[in-house]
Amino acid sequence: MCVFIIYVVSYAKLTGNLPDAASFSRREALSFSLTHFGALALPLIVLGSIYSGIVTPTEAAAIGATYSILLSFFHCRSIKISDLLPMFLNTVKVSVMLLFIIAGALLLARVVTTLQIAQEIIGGLAALGTSKWIFLILINIIWIFMGDFLDVASIMLITLPIAYPVAVALGIDPIWFAVMMVINMELATITPPVGLNLFVIMGITGEKDFMEVLKGTVPFMVLITFVLVLVMVFPSLATWLPGQ
């Protein structure tokens, strides 16, 4: 996230789209934050309810959506009752589009699982007695390739039962291994042709040109790959905080 922030701020400065911080006094900034505290609290409510164990991520999404509607309706007054039906219809359209993509990905995942393609590849790596570094490089390449065609849940279900025991046997820290996979799965959500976030962006923004959306995500693909390599080279970036 820090890498994304640095990139966005740097890009905004280079293109002249960054507002001048000096144009806002501290009092104005504090007043703005207090006025919009309801909106600022949304991430806290969603993430806080998940990490506290109160609700599941799916339930947290429903809570966040309900909270946003109520906030927009009663506090911000940016929507009216007549706006709700078009909003719900648009949500249904985006959801159905994503469900069709997920259904196709799950079908492909079933074929891959039935043919045991990933299991054979990972099992072959284990049989060769490769070093942990060779294994990490190859498993990340496999994940990147699979991320182009499958959804995240399918990739995890197909590869982890085989890859995780091999990683542990090679002396790879489980937390380090898990963090690398999470970063790789973040990359999978924006890589074509089955990058779900690409279609989410198209559905939300109404952009019809898939290549235009893809072009906008290329810098983030590069940044995620950079962070992945960084975490591979410096395992302490993933293990230091849990170790405390």
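The structure under discussion appears in the preceding block.
Residues numbered from 1 in each chain as written. Predicted model: local features only at pLDDT ≥ 70, side-chain atom pairs only at ≥ 80, totals over all residues. Heavy atoms only, no water.

Quick look at the environment of Leu237
By the element assignment, Leu237 lies in helix 12 (residues 236-243). Judged by relative accessible area, which is 54%, Leu237 ranks as exposed. Counting along the chain gives 150 residues from Leu237 to Met87, while the straight-line C-alpha distance between them is 41 Å. (Helix = DSSP H or I, 4+ residues; strand = E, 2+ residues; numbered from the N terminus. Buried < 20%, exposed > 50% of the residue type's maximum accessible area, 1.4 Å probe, protein only.)

Here's the deal with the nonpolar core
Counting residues in each nonpolar core, the largest one holds 34 residues, and the members touching the most others are Phe135, Ile139 and Phe177. Elements supplying a minimum of two residues to this core: helix 5 (81-115), helix 7 (132-147), helix 8 (152-169), helix 9 (174-188), helix 10 (196-205) and helix 11 (210-233). With six residues, the next largest nonpolar core counts Val94, Leu98, Val194 and Phe199 among its residues. (Core = buried A, V, L, I, M, F, W, Y, C linked by side-chain atoms within 4.5 Å.)

Quick word on the side chain of Ser72
Turning to its location among the elements, Ser72 is positioned in helix 4 (residues 57-75). A polar contact of 2.9 Å, which involves the side chain of Ser72, links it to the backbone oxygen of Ser68. (Polar contact = N/O pair within 3.5 Å; in protein donor to acceptor, adjacent residues only side chain to side chain.)

A short note on the side chain of Asn140
Its place among the elements puts Asn140 in helix 7. Not counting chain neighbours up to four residues away, the residues in contact with Asn140 comprise Met180, Asn184, Leu228 and Met232. (Contact = heavy atoms within 4.5 Å.)

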